[in-house]
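Here's the letter readout for the chains.
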Amino acid sequence: MEEGVVNEILQGPLRDVFDSKQLITDISGSGNNWAVGHKVFGRLYQEQILEKLRKSAEHCDCLQCFFIIHSMGGGTGSGLGTFLLKVLEDEFPEVYRFVTSVYPSGEDDVITSPYNSILAMKELNEHADCVLPIDNQSLFDIISKIDLMVNSGKLGTTIKPKSLVTSSAGALKKQHQKPFDAMNNIVANLLLNLTSSARFEGSLNMDLNEISMNLVPFPQLHYLVSSLTPLYTLADVNIPTRRLDQMFSDAFSKDHQLIRADPKHSLYLACALMVRGNVQVSDLRRNIERLKPSLQFISWNQEGWKTSLCSVPPVGHSHSLLALANNTCVKPTFMELRERFMRLYKKKAHLHHYLQIEGMEESCFMEAVSSLSTLIEEYNQLDATRSMPVEDLPRLSVAV
Amino acid sequence: MNLIQKEVEKCDCLSGFFIIMSMAGGTGSGLGAFVTQNLQDHYSNSLKMNQIIWPYGTGEVIVQNYNSILTLSHLYRSSDALLVHENDAVHKICAKLMNIKQISFSDINQVLAHQLGSVFQPTYSMEGSYHYRRNPLGELMENLVPHPEFKMLGIRNIPQMSENSLAYSTFTWAGLLKHLRQMLISNSKMEEGIDWQVRPPLSRLPTLGKVSLNRELHFNTSIANLVILRGKDVHSADLGGFKDPALYTSWLAPVNAFNVWKTQRAFSKYEKSAALVSNSQFLLKPLDTIVGKAWNMFASKAYIHQYTKFGIEEEDFLDSFTLLEQVVASYCNL
């Protein structure tokens, strides 16, 4: 939307990726105001957006899904982004809507981010088929870890002891100058791995509609925690089996998740493993067997695994794994968001910026919070079943 | 259907249709069942056999249990016989017998192809005759599916091993057939790990009431069996062990329940090999397990909205459950 930002992209290394006919700009941004993004820009640009979408969609032989990538904290991403969801649902009801949302971290620079996020969450609850929440803090932690691993690798090879300290410090500084590039790279890889089965051949393909089908047991619970491994480029050509199994173990550790969450200690509703590279079905099955005992699955989905194998690995790696989990560990994120929202809302702080936009009322806020509370409650109910003993329900008895 | 019609018109004598599909996914299971239904409507006089792949127990698709029960119930109504291959069993064969370290799908498919080949390769039509059977598909079904309630068939092969081991092994018909028979009655899917303790029951009194499934069903009762022998000295093979009435149900005598096909021609790299296609209780436990899991999931209403979106209602699920519970009960009471 913001002209300045769009122009910067058009001058950067990715300028050829974007079709200039598909860009819509306005002079200013949304001022971190969800209402401006959603109501003002939405109404203004609905026609234009629809037109461009229609043109692109007509080129497709078989339109499978839309990917919406946005942030929740700001105004344009969260407001206009979620407005688009409604538009897509009306125009293309049969096409799946996958949303990659960047949730605000604990310390973020936008003060009204809780308002924006909660208002956007309501739209995501109602109109998205599948949401992959991501937060900046986790991405940053992952980048820091990579830096550490890369530097410790370097430490091993440097000869001079004196330069160790200076060289590693220098390398770290260089990396932190542009962390967002590295962080965005992770999310880009997430999307690439997600669509790899649809783009390349493999022994066990998985289409995008299968993700929604298998991982969303109830329409409301469509939030998937993602984790990507491996995170660093493996220089070795000959990977011993230990590394492969390590990849699977890492995917379930809380350090590799793209959102602050610990899936191992929460309840799994379903899990998908998307493997790329030279991995065979026996490796996959062996690792599932190995990891299953340490994970808690809901009683009616004890073997809730969806697997896919794509033979083409990502650039620079020999194999990779993307794990998507529908897990109750997203609950803390939502609860924290609600907490921050209530802190601001109780004081009615910054509310007037929203209410002065035509179409916004206090009830919008109340509805949004109650929608989120319902979602949290559903997760609570599922968590409550964890402690209950599992009973097999009586089957239909048939007259013999 | 147009494509099928073209192919059918090319045939001098249509034996039937052989449909290969999986049960866990959407295309194989859903479209496969749909096509079978259409074949039933358009070619009701032809025989249809569906070769179905039973998914891994630990899950390859989360809704595989739903897909499986919907598929099985539809196929039970429109197909004449179901030839079942279990991924778990074939995987074990690759691991234990073929000694493959990193099993890929092409390895699994190779075992499957081998099993199918051992059954459908030509055999002589009568003892001593030199004419090949014209209609193996039809005769197979005639022999093995005497009652429409019992349609599930399985294949067991012996021997099955890697090229390296083959060089050091010799076979006798007596040895092969002894193992094959025990594999049948102890419900073992492959040559290794056979439970030799299992014996046929002494008396063939009909069981009173429903046999409890919680108890391990050790003895695998057969409805009908077909043994196919390929290789040297095939006429000297003694099949008396398979004609024992204790192996079969009371309502079908061994003379009708048991058949044998032979050919001197060796199959694949095995000097002597035997295949057993049987209609028995071998699939009872896996079927019961899948129905149980699907039922649990259904009770919590999970994923149902995904199906109702496309026109499958809860009623359809219930119909499927009812049909399959009936099948489970029937096989249980053999």
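Because the structure is predicted, anything quoted here is derived from the model rather than measured.

K.L.:
Can you break down the overall build of chain A residue by residue, with the values?
P.N.:
For chain A, the helix and strand inventory stands at 13 helices and eight strands. Here chain A, with 400 residues, has 50% of them falling under the buried criterion. Long-range contacts, defined as pairs at least 24 residues apart, comprise 84% of the intrachain contacts of chain A with a sequence gap of at least 6. Looking at chain A as shown, the accessible area adds up to about 19600 Å², and 55% of this sits on carbon and sulfur atoms.

K.L.:
Break down the pairing of strand E4 (residues 225-229) of chain A for me, citing the residues and quoting the values.
P.N.:
Residue and element names in this part refer to chain A. Taken across its five residues, E4 has five buried, putting it largely inside the fold. Burial along E4 is two-sided: Val225, Ser227 and Thr229 facing one way and Ser226 and Leu228 facing the other are all buried. As paired elements, E4 and strand E8 (residues 319-327) share five bridges and run antiparallel to each other. Directly across from serine 227, in E8, lies its bridge partner alanine 323.

K.L.:
Break down unusual backbone geometry for me, citing the residues and quoting the values.
P.N.:
The omega torsion of the bond from Ile158(B) to Pro159(B) falls at -10°, within 30 degrees of zero and hence cis. As for its placement among the helices and strands, Pro159(B) is situated in the loop between strand E4 (152-158) and helix H7 (163-166). Positive phi outside glycine occurs at His350(A), with the angle close to 60°.

K.L.:
How would you summarise the pattern of salt bridges if you had to cite specific residues and measurements?
P.N.:
This structure, assessed with the given rule, holds 23 salt bridges over all chains. In this structure, Glu86(B) and Lys189(B) form a salt bridge, with 2.8 Å as the shortest nitrogen-oxygen distance. On the criterion of sequence distance, the pair formed by Glu86(B) in strand E3 (residues 81-86) and Lys189(B) in the loop between helix H8 (173-185) and strand E5 (222-231) is long-range, its members being 103 residues apart. A residue is classified by how much of its surface remains accessible, and Lys189(B), at 26% relative accessible area, is partly exposed. One salt bridge connects Glu271(B) with Lys272(B), and the closest N-O pair in it is separated by 3.5 Å. One salt-bridge network, held together by shared partners, links Glu51(A), Arg54(A) and Glu58(A).

K.L.:
Before we move on, can you summarise the nonpolar core with the specific residues and values?
P.N.:
Nonpolar side chains in soluble globular proteins tend to end up buried together. With 183 residues, the main nonpolar core has Ile211(A), Tyr223(A), Leu324(A), Phe334(A), Tyr66(B) and Phe242(B) as its most contacted residues. Core analysis: the second largest hydrophobic core is formed by 34 residues, Leu284(A), Ile53(B), Ile103(B) and Met190(B) among them.

So, how was this worked out
- Residues numbered from 1 in each chain as written.
- Chains lettered and ligands numbered in written order.
- Predicted model: local features only at pLDDT ≥ 70, side-chain atom pairs only at ≥ 80, totals over all residues.
- Heavy atoms only, no water.
- Helix = DSSP H or I, 4+ residues; strand = E, 2+ residues; numbered from the N terminus.
- Buried < 20%, exposed > 50% of the residue type's maximum accessible area, 1.4 Å probe, protein only.
- Contact = heavy atoms within 4.5 Å.
- Areas by Shrake-Rupley, 256 points an atom, 1.4 Å probe, with all protein chains shown as cover.
- Pairing = 2+ DSSP bridges.
- Salt bridge = Lys/Arg side-chain N within 4 Å of Asp/Glu carboxyl O.
- Core = buried A, V, L, I, M, F, W, Y, C linked by side-chain atoms within 4.5 Å.

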